[in-house]
Amino acid sequence: GQNIDQPTEMTATEGAIVQINCTYQTSGFNGLFWYQQHAGEAPTFLSYNVLDGLEEKGRFSSFLSRSKGYSYLLLKELQMKDSASYLCAVMHAGNNRKLIWGLGTSLAVNP
Amino acid sequence: ETGVTQTPRHLVMGMTNKKSLKCEQHLGHNAMYWYKQSAKKPLELMFVYSLEERVENNSVPSRFSPECPNSSHLFLHLHTLQPEDSALYLCASSQDEGEGTEAFFGQGTRLTVV
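Summary of the structure given here. Just so we're clear, the structure is a prediction, and the values are computed from it rather than from any experiment. (Residues numbered from 1 in each chain as written. Chains lettered and ligands numbered in written order. Predicted model: local features only at pLDDT ≥ 70, side-chain atom pairs only at ≥ 80, totals over all residues. Heavy atoms only, no water.)

1. Some words on the pairing of strand E1 (residues 4–7) of chain B
All names here are of chain B. Where burial is concerned, the two faces of E1 differ: the one with Val 4 and Gln 6 is buried and the one with Thr 5 and Thr 7 is not. As paired strands, E1 and strand E3 (residues 18–25) are joined by four bridges and run antiparallel to one another. Residue Thr 5 lies in a different strand from E3, and its bridge partner there is Glu 24. (Buried < 20%, exposed > 50% of the residue type's maximum accessible area, 1.4 Å probe, protein only. Helix = DSSP H or I, 4+ residues; strand = E, 2+ residues; numbered from the N terminus. Pairing = 2+ DSSP bridges.)

2. Comments concerning the interface of chain B and chain A
Interface size is commonly expressed as the accessible area that is lost once the parts come together. Counting from both sides, the interface comprises 26 residues of chain B and, opposite them, 20 residues of chain A. With both sides pooled, the region where chain B packs onto chain A buries about 1800 Å², and carbon together with sulfur makes up 54% of that total. Applying the counting rule to chain B against chain A returns zero salt bridges. Along the contact surface separating chain B from chain A lie three residue pairs in polar contact (both at pLDDT 80 or more). Looking at the side of chain B that touches chain A, the elements with two or more residues in it are strand E4 (31–37), strand E5 (44–50), strand E6 (53–57) and strand E9 (87–94) of chain B. (Contact = heavy atoms within 4.5 Å. Buried area = accessible area lost by both parts, 1.4 Å probe. Salt bridge = Lys/Arg side-chain N within 4 Å of Asp/Glu carboxyl O. Polar contact = N/O pair within 3.5 Å; in protein donor to acceptor, adjacent residues only side chain to side chain.)

3. Quick look at the state of the cysteines
Here, the word disulfide means a covalent bond between the sulfur atoms of two cysteines. One pass over the structure, following the stated rule, counts two disulfides over all chains. The disulfide partner of Cys 22 of chain A is Cys 88 of chain A, and the S-S distance across this bridge is 2.0 Å. Measuring handedness by torsion sign, the sulfur bridge of Cys 22 of chain A and Cys 88 of chain A sits at about -70° and is left-handed. Remark: Cys 88 of chain A occurs in strand E9 (residues 84–91) and Cys 22 of chain A occurs in strand E3 (residues 18–25); sequence separation between them is 66 residues. Residue Cys 22 of chain A shares its accessibility class with Cys 88 of chain A, and that shared class is buried. Covalently, Cys 23 of chain B is tied to Cys 91 of chain B through a disulfide, its sulfur atoms 1.9 Å apart. Of note, the bridge from Cys 23 of chain B to Cys 91 of chain B carries an S-S torsion of about -75° and is left-handed in sense. Here Cys 23 of chain B is found in strand E3, whereas its partner Cys 91 of chain B is found in strand E9, with 68 residues between them in sequence. Grouping residues by exposure puts Cys 23 of chain B and Cys 91 of chain B together as buried. The thiol sulfur of Cys 68 of chain B is not disulfide-bonded, and the nearest other cysteine sulfur, from Cys 91 of chain B, lies at 9.1 Å. (Disulfide = S-S within 2.5 Å.)

4. Points about the sheet that holds E3 of chain A
Residue and element names in this part refer to chain A. Spatially, the five strands line up as an open sheet ordered E1-E3-E8-E7-E6, and their pairing is antiparallel. Looking at which strands have only one partner, the edges of the open sheet turn out to be strand E1 (3–5) and strand E6 (53–57). With strand direction ignored, the average angle separating the axes of adjacent strands in the sheet is 15°. Looking at chain direction, E1 and E3 are connected through three bridges and run antiparallel. Looking at the pairing, Asp 5 lines up with Thr 23 of E3. (Axes fitted to C-alpha atoms, helices over the stretch in contact; angles between N-to-C directions.)

5. Regarding the packing of aromatic side chains
All names here are of chain A. A full pass over the atoms with the stated rule returns 15 aromatic pairs over all chains. An angle of 35° between the planes, with centres 6.1 Å apart, marks the rings of Phe 33 and Tyr 35 as tilted. Here Phe 33 and Tyr 35 have matching classes, each one buried. Residues Phe 33 and Phe 45 carry aromatic rings whose centres are separated by 6.1 Å and whose planes lie at 70° to one another, so their mutual orientation is edge-to-face. Note that Phe 33 is positioned in strand E4 (residues 32–37) and Phe 45 in strand E5 (residues 44–49), a separation of twelve residues in sequence. Its relative accessible area of 1% is what places Phe 33 among the buried residues. We classify Phe 45 as partly exposed; its relative accessible area is 26%. (Phe/Tyr/Trp six-rings, centres within 6.5 Å; stacked < 30°, edge-to-face > 60°.)

6. Thoughts on the sheet that holds E3 of chain B
Residues and elements named next belong to chain B. The antiparallel open sheet is built from four strands, whose spatial order is E1-E3-E8-E7. Both edges of this open sheet fall to E1 and strand E7 (64–70), since each of them pairs with a single strand only. Each strand axis lies, on average, 20° off the axis of its neighbour in the sheet, ignoring direction.

Bear in mind that shape data such as this cannot, by itself, settle questions of function.
Here's what the structure looks like:
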């Protein structure tokens, strides 16, 4: 079957670093996305990984290991505005339009 | 306007009502999507349109009826809904070619069925 696992909730302190993990089991793989969703707002694209390794984009980085079915999103220098839900989604192989979504990780950044 | 716009933002309807959700994208994309987002459930893909043709229908009940008159507009027609259909309905668009094409989402319509 298809399965995406993420922690339900995380808390961190302003200025700190937090790592949000995502593990997946899918019948095919064509890349992994991370989205951020603030309460009551649209999900917004953060990153896309299809090759193993780390992709850095400002304060946010995303890592992928295809052999382990594992990804993480790393947020540095946390700010209060980073409090949001972080969604992991795997793109199904052979069908670029189909994404399998995780439940999301609700991150609370405290002062 | 830019991006993906959905109207209305909030909708309360009775089980016998008929209503429509509207989505408009100003990004020049040629694929559009309807998603359902419920509490404690992953995002559920409902419909996909590519170049105004429906290419995916993930076993959605017939009380949900999509319409895509052109590549910029997408509708979701609702009739005789059930209380369990209460959810956030998200529209998204993407450029339907290549790999890794991210989807741009609208802010959603919060639907409550009473």
